[in-house]
Amino acid sequence: DGGITQSPKYLFRKEGQNVTLSCEQNLNHDAMYWYRQDPGQGLRLIYYSQIVNDFQKGDIAEGYSVSREKKESFPLTVTSAQKNPTAFYLCASSIVGAANTEAFFGQGTRLTVV
Amino acid sequence: DAKTTQPPSMDCAEGRAANLPCNHSTISGNEYVYWYRQIHSQGPQYIIHGLKNNETNEMASLIITEDRKSSTLILPHATLRDTAVYYCIVRLRSARQLTFGSGTQLTVLP
């Protein structure tokens, strides 16, 4: 089955700790994205990557970091510098350079920082 | 990316057609209109997209006005499982980003 997998589904961390969220896809997509969603709000773009070893900041990149060492993987690290990290995090992937193809989303990771 | 405007919420009776509007008055010629939906606490799901012509698939129909400044997503026979937040997005040809707005919360009532 082709798809995009996020793990874990739920994650709890203590304040001040860094935490890494996993995102893996086997769709052979070049582009991958990370979004944050707060209760009752839309999705906000954190980072995106169009090719291995390259990524760009989105609208709310402060306090987050990413890497793209493999085409299939785009992990997101929520650092201690992120002031309000508790949120629902969504990863997506798509084909690059074609506006007429859809993006595929994972099922999300709900991060709670206590 | 062109901005979109959607009503924050709508209700629809089960079995009736749900018509969800979207305004994208600043859309440019090479931008596609996409619709996604998000059922509570899940990842968004692609529904349909179009450029100029009306489109239909097994899930929905997309009607785009001739001037492309607005569109309507139609769910022909809404069911309770169609209750979700529906997002209208316009997507640049370069497809570097996907920008989501606040969407429309559709509630299908029994």
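For the structure given in this document, a descriptive report is provided here. (Residues numbered from 1 in each chain as written. Chains lettered and ligands numbered in written order. Predicted model: local features only at pLDDT ≥ 70, side-chain atom pairs only at ≥ 80, totals over all residues. Heavy atoms only, no water.)

## Here we look at the state of the cysteines
Spelled out, the test is: Disulfide assignment relies on a single distance test, namely cysteine sulfur atoms paired within 2.5 Å. Numbering of helices and strands starts at the N terminus; helices are DSSP runs of H or I of at least 4 residues and strands are runs of E of at least 2. With a 1.4 Å probe rolled over the protein chains alone, any residue whose accessible area is under 20% of its type maximum counts as buried; one over 50% counts as exposed, and the rest are partly exposed.
Enumeration according to the criterion identifies 2 disulfides over all chains in this entry. Two residues share a disulfide in this structure: cysteine 23 of chain A and cysteine 91 of chain A, whose sulfurs sit 1.9 Å from each other. The chirality of the disulfide connecting cysteine 23 of chain A with cysteine 91 of chain A is left-handed, given an S-S dihedral of about -80°. Residue cysteine 23 of chain A is found in strand β3 (residues 19-25), and its partner cysteine 91 of chain A is found in strand β9 (residues 87-94); the two are separated by 68 residues along the sequence. For the residue pair cysteine 23 of chain A and cysteine 91 of chain A, the accessibility class agrees, reading buried in each case. One disulfide in the model links cysteine 22 of chain B with cysteine 88 of chain B; its S-S distance is 2.1 Å. As the torsion about the S-S bond is roughly -80°, the cysteine 22 of chain B-cysteine 88 of chain B disulfide counts as left-handed. Taken together, the residues span a long stretch of sequence, with cysteine 22 of chain B in strand β2 (residues 18-23) and cysteine 88 of chain B in strand β8 (residues 84-91) at a distance of 66 residues. Taken individually, cysteine 22 of chain B and cysteine 88 of chain B each receive the classification buried, so the pair is uniform in this respect. As a non-bridged cysteine, cysteine 12 of chain B has cysteine 22 of chain B as the owner of its nearest cysteine sulfur, 18 Å distant.

## Looking at the side chain of aspartate 82 of chain B
Residue and element names in this part refer to chain B. Note the following rule: Polar contact is the term for a pair of N or O atoms within 3.5 Å; when the atoms are in protein, one must be able to donate a hydrogen and the other to accept it, and sequence-neighboring residues count only if both atoms are side-chain atoms. Whether two residues are in contact is decided by their heavy atoms: any pair within 4.5 Å suffices.
Secondary-structure assignment places aspartate 82 in the loop between β7 (70-75) and β8. At 2.8 Å, the side chain of aspartate 82 forms a polar contact with the side chain of arginine 37. The contacts of aspartate 82, once residues within four sequence positions are left out, are Arg37, Leu75, His77, Leu106 and Val108.

## A look at the sheet that holds β8 of chain B
Residues and elements named next belong to chain B. Spelled out, the test is: Two strands qualify as a pair provided that DSSP identifies no fewer than 2 bridges between them. Comment: axis = line fitted to C-alpha atoms, over the contacting stretch for helices; angle = value between 0 and 180 degrees taken between N-to-C directions.
Taken together, 5 strands build an open sheet; the order of strands is β1-β9-β8-β3-β4 and the sheet is mixed. Since the sheet does not close on itself, it has two edges, and those belong to β1 (9-13) and β4 (45-50), each with one partner. This sheet shows a mean twist of 25° between the axes of neighbouring strands, independent of strand direction. Bridge count for β8 against strand β9 (residues 104-109) is 3 bridges, and the pairing is antiparallel. Pairing of alanine 84 across the sheet is with leucine 106, part of β9.

## Some points on the packing of aromatic side chains
Applied cut-off: Only Phe, Tyr and Trp rings take part, Trp by its six-membered ring, and two of them pair if their centres are within 6.5 Å. Stacked means planes under 30 degrees apart, edge-to-face means over 60, and tilted covers everything else.
Here the structure, examined in full by the defined rule, presents 12 aromatic pairs over all chains. A centroid spacing of 5.9 Å and a plane angle of 80° characterise the contact between tyrosine 47 of chain A and phenylalanine 55 of chain A, whose relative ring orientation is edge-to-face. Classification of tyrosine 47 of chain A as buried rests on a relative accessible area of 7%. For the ring pair phenylalanine 105 of chain A and phenylalanine 100 of chain B, a centre distance of 5.7 Å and an interplane angle of 85° mean the geometry is edge-to-face.

## Quick word on the environment of alanine 84 of chain B
Residues and elements named next belong to chain B. Mapped onto the fold, alanine 84 is located in strand β8. The exposure class of alanine 84 is buried, given its relative accessible area of 3%. Between the C-alpha atoms of alanine 84 and leucine 20, which are 64 residues apart in sequence, the distance is 12 Å. Ignoring anything within four residues of it in the chain, the contact list for alanine 84 reads Arg37, Gln38, Ile39, Thr104, Gln105 and Leu106.

Function cannot be read off these values alone, since they describe shape.
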